[in-house]
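# Secondary and tertiary structure notes
In case you want the letters, here they are:
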Amino acid sequence: MALVEFRSVSKRYQRVVALDQVSARILEGSCTAVVGPNGSGKTTLIKLLMGLAIPDSGTILFRGTDIRGKYAYRRHIAYMPQLSYFPANLRVSELFALLPRLRRQPANPNPLIERFGIHTYLHKRWGTLSGGMKQKVSLALALMFDVPLYVLDEPTNGLDPVATRDLIRLLTSMLNQGKTILFTGHVMAFVERIASHVIFLVEGKKYFEGALKELLTRTRTSSLEEAAVHLIMNHSGVQGLEVRPQPVRTES
Amino acid sequence: MGQIILYVIRDLVRSRWTLAYTLFYLLVGFGVLLMGRDPARAMVTFLQIVLILTPLMGTLFGIMYYYATRDFQELLLAQPLPRTHVLLGQWVGIALSLGVSLLVGLGTPFVVSGFGVGYSLVAATLLGVGMLLGAIFAGLALSMGLLTDHRIQGFGMALILWLFLAVVYDGLVLALLMILRDYPVEKLALVLTFLNPIDLARILLIMQMDVSALLGYTGAVFREFLGASRGMVASAGALVLWLAIPAILIVWRVRRRDF
C-alpha cells in the first residue's frame, strides 16, 4: 500500500524545470532512495511532500488524502533537511526540547543522544559545533519521533564512517519495526546498503522507479553506481545503451 | 506560535547584536541625561534618536534574522504547524526582543536618574512608540525578505524602505504640498501623515511634549483638525493599526512562496 503518492507533479523555479510530470509511490514499510545527479529534482520532490514548496501542477497524496493547503498530515512525518543551520545561540538541549513542544508530540531523544555521542555537547551552542556534530544532531532531531514516515535529505552528509555505520543499523532496525523511510543520497554504497526501492531522477524527469534489484537487472549492472552512470549516460546521449531513455516504472 | 516566539527571544537575548543595541541605548541614555540639565531638551534628543534608530534597528534585525535562520525556518515549516504561525511567531519574537532592549537601554537611565518623575508620561510614550516602530519595521523587513531569496536584494529593499519612510517621504510630502499650495491640501496632508508610521510617531510624541515649534506643517494640520488630545489618540491608534500592514504582508507572502 502506498503511504505517499506523487501524481504527475511538476515544479518550476522561474525558468528552471525542477520536476516534470513526476509520478511515484512510496510504499508503506519500504526504504526508498531518491537518487540522481545534482539538480535532478531530488530535494524538490521532498520539499513538495513536506509542504515547503507548492507544486505547479499534479497532486501529492499522503495516506490517500491530498496534502495541498494542509499541515496536520506532517504530524506523521519526521523530516531532516539537507542543511542544518539552526539559530547559533540556541543550545543543542534546547533544540531537542523545542521540536516536541512545537509538534505537541512526545519524543525519545535519549537513545539517539547516546548512540551518536551527542551527550558530550548537549549544552553547547549550535554555532560552536562542527559540521559532523551538527549532522548527528539534525538526524537525532528527526529520528526521535515515533512516526510512520521519516524523510531524510542527504542524511550521510558530513558523517564519519562510525556514525554512518550506526545510522545504517538504526535505520535497519526502524525498517524492521515497519517504519517507512524516504531519503535522498549521493553515496551509492549507503543507498545500496539500506534502500529497498529507488526513484531515479534526471533533470526533473523520473527515469526509474521500483525495487533496487529490478534496476540492476534492467541496466544489467552489478552496482547502483554503475546503474546510475548507465541511466545518466543514456539520458545525455553519450552512449547508446540497451536501456531506453523513456521513463520506466516497475511494480515491486 | 508561543514556542516560536520564546525560542526567538532566547536566541536573540544571547546575541551580541542585541547586547550591543541595549548597551548603546544605555550609554546614550546616561550620556544625554548626565550632560544636559534641561529635561525638555533631553527629551527632544531622545525623540530624535528613537525616531531614527528604532525603525533602522527594527529593519536590520528583521532582515538579518530572516536570512540567518532561513534553514531553520525550513525545519519549522516542515512541522505540523500553519506556515503563518512560523513567520508571525518569528516577527513577534524579534519585536519583543527589540522592545526589551529599548526598555532596558533607555528605561534604566530614566529610572536611575529620576528623569521619569516629571516626564513619566512622555517617557512612557517615547518607549512605547519606540517599541511599536521597532516592531513595524522588523515586520516590514521580514516581508521584504519573503519577497526575495537573494540576501543582498532583500537587505537593499528593506533599507530603501526605511530610508524612504525615515527621510525621503517627508521631503516628497512637502514638495507635493508646495506644488498644491493654491488648493485646500489640509486633508491630503492628514491622509499622507497616516501613511507613514514615523510621521505618526513624531506627531504623537511632539504633541505629548507640547513643543509646537517641532510639529511641522503636517503636525500643525493634525492638531488643527483633531485637536491635541484627539490627535494624540488618533496618531497612537493609527500607529497600532500600522502593525497590521507587516502582518498582512507576511501572511500574504508566506502562503504563496516556496521555501
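Residues numbered from 1 in each chain as written. Chains lettered and ligands numbered in written order. Predicted model: local features only at pLDDT ≥ 70, side-chain atom pairs only at ≥ 80, totals over all residues.

### A short note on the overall build of chain B
Put simply, the rule is: Helix and strand assignments come from DSSP, with helices taken as H or I runs of at least 4 residues and strands as E runs of at least 2, each series counted from the N terminus. Only C-alpha atoms enter the radius of gyration; for comparison, a globular chain is expected to reach 2.2 Å times N to the power 0.38, where N is the number of residues. Any residue whose C-beta has 12 or fewer other C-beta atoms within 10 Å is treated as exposed, any with 20 or more as buried, and any in between as partly exposed, C-beta atoms being built from the backbone. Remark: residues whose backbone-derived C-beta atoms lie within 7 Å of one another are considered to be in contact.
On a plain count of helices and strands, chain B comes out with 12 helices and zero strands. Reading chain B from its N terminus to its C terminus gives the helix and strand order α-α-α-α-α-α-α-α-α-α-α-α. Since a compact globule built from 259 residues should have a radius of gyration of about 18 Å, the 19 Å found for chain B is in line with a globular shape. Taken over the C-alpha atoms alone, chain B extends approximately 55 × 50 × 30 Å along its principal axes. Sorting the 259 residues of chain B into buried and exposed places 46% on the buried side. Put simply, of all contacts in chain B between residues at least 6 apart along the chain, 82% involve residues at least 24 apart.

### A word on the packing of helix H1 (residues 2-13) of chain B against helix H5 (residues 83-113) of chain B
Residues and elements named next belong to chain B. Heads up, the condition is: Axis definition: a line fitted to C-alpha atoms, limited for helices to the stretch in contact. Angles are taken between N-to-C directions and run from 0 to 180 degrees. In these notes the angle categories are as follows: under 35 degrees is roughly parallel, over 145 is roughly antiparallel, 65 to 115 is roughly perpendicular, and the rest is oblique. Crossing handedness follows the turn of the near helix against the far one: under a right angle anticlockwise gives a left-handed crossing, and clockwise gives a right-handed one. Here the term charged refers only to Asp, Glu, Lys and Arg, the term nonpolar to Ala, Val, Leu, Ile, Met, Phe, Trp, Tyr, Cys and Pro, and the term polar to all other amino acids, Gly among them.
Closest axis-to-axis distance for the H1/H5 pair is 8 Å, and the angle between their directions is 40°. By the criterion of interaxial angle, the relationship of H1 to H5 is oblique. Here the hand of the crossing between H1 and H5 comes out right-handed. Across from Ile-4, Ile-5, Val-8, Ile-9, Leu-12 and Val-13 in H1, the residues of H5 making contact are His-85, Val-86, Gly-89, Gln-90, Val-92, Gly-93, Ile-94, Leu-96 and Ser-97. Looking at the contact of H1 with H5 residue by residue, the classes come out as 10 nonpolar, five polar and no charged.

### Some thoughts on helix H12 (residues 244-256) of chain B
All names here are of chain B. Spelled out, the test is: Each residue after the first adds 1.5 Å to the expected span of a helix. Within this analysis, the arc is defined by the directions that extend from the helix axis to the C-beta atoms.
The end-to-end C-alpha distance of H12 is 19 Å, a good match for the 18 Å that 13 residues give at a rise of 1.5 Å each. Regarding H12, the residues found buried are Pro-246, Ile-250 and Val-254. Each buried residue of H12 sits inside an arc of 55° when the element is viewed along its axis, so together they form one side. Those residues of H12 that are exposed and angled more than 90 degrees off the buried face are Ala-244, Ile-248 and Arg-256.

### A word on the interface of chain A and chain B
With 22 residues of chain A at the contact, the number on the chain B side is 19 residues. It is helix H2 (residues 92-103) of chain A that contributes the most residues to the side of chain A that touches chain B, six residues altogether. Of the residues assigned to the side of chain A that touches chain B, the class counts are 16 nonpolar, one polar and five charged.

### Focus on the nonpolar core
Applied cut-off: Connectivity within a nonpolar core runs through C-beta atoms within 7 Å, and the core itself is a set of buried Ala, Val, Leu, Ile, Met, Phe, Trp, Tyr and Cys residues.
In terms of nonpolar packing, the biggest core is built from 155 residues, with A:Leu95, A:Ala140, A:Val151 and B:Ala138 touching the most fellow members. Counting residues per element, this core draws most heavily on helix H6 (residues 116-147) of chain B, at 16 residues. The residues touching A:Ala140, leaving out its near neighbours within four places in the chain, are A:Pro109, A:Leu112, A:Ile113, A:Phe116 and A:Ile118.

### A look at the sheet that holds strand S4 (residues 57-62) of chain A
In plain terms, the rule: Should DSSP find at least two bridges between two strands, the strands are regarded as paired.
Strand order in the open sheet formed by four strands is S2-S1-S4-S5 (chain A), and the pairing between neighbours is antiparallel. The two strands at the open ends of the sheet, each matched to only one other strand, are strand S2 (16-27) and strand S5 (65-66) of chain A.

### Points about the confidence of the model for chain B
All names here are of chain B. Note the following rule: Along the chain, pLDDT gives the predictor's confidence residue by residue, from 0 to 100.
Mean pLDDT for chain B: 88, with 97% of residues reaching 70 or above. Per-residue pLDDT, averaged within each element of chain B, yields its smallest value for helix H10 (residues 216-226) (73) and its largest for H12 (93). Both confidence scores are given for the complex: pTM 0.83, ipTM 0.82.

### Considerations on the confidence of the model for chain A
Residues and elements named next belong to chain A. Looking at chain A as a whole, its pLDDT mean stands at 87, while 93% of the residues score no less than 70. The element-level mean pLDDT for chain A is lowest in strand S11 (residues 248-249), coming to 50, with S4 highest at 96. Here residues 237-248 scores under 50 on pLDDT; set against residues more than four positions off or in separate chains, the count is 20 contacts.

### Quick notes on the pairing of strand S6 (residues 77-80) of chain A
All names here are of chain A. Covered by surrounding structure in S6 are Ile-77 and Tyr-79 together with Ala-78 and Met-80, the residues of both alternating faces. Note that S6 and strand S7 (residues 149-153) share four bridges and pair parallel. Of the residues in S7, the one forming a bridge with Tyr-79 is Val-151.

### Describing the packing of helix H9 (residues 197-209) of chain B against H10(B)
What describes two packed helices is the angle between their axes and the distance between those same axes. All names here are of chain B. The geometry of H9 relative to H10 is characterised by a closest axis approach of 10 Å and an angle of 65° between their N-to-C directions. Crossing handedness for the pair H9 and H10: right-handed. Contact residues: H9 offers Asp-199, Ile-203, Ile-206 and Met-207, while H10 offers Thr-218, Gly-219, Phe-222 and Arg-223.

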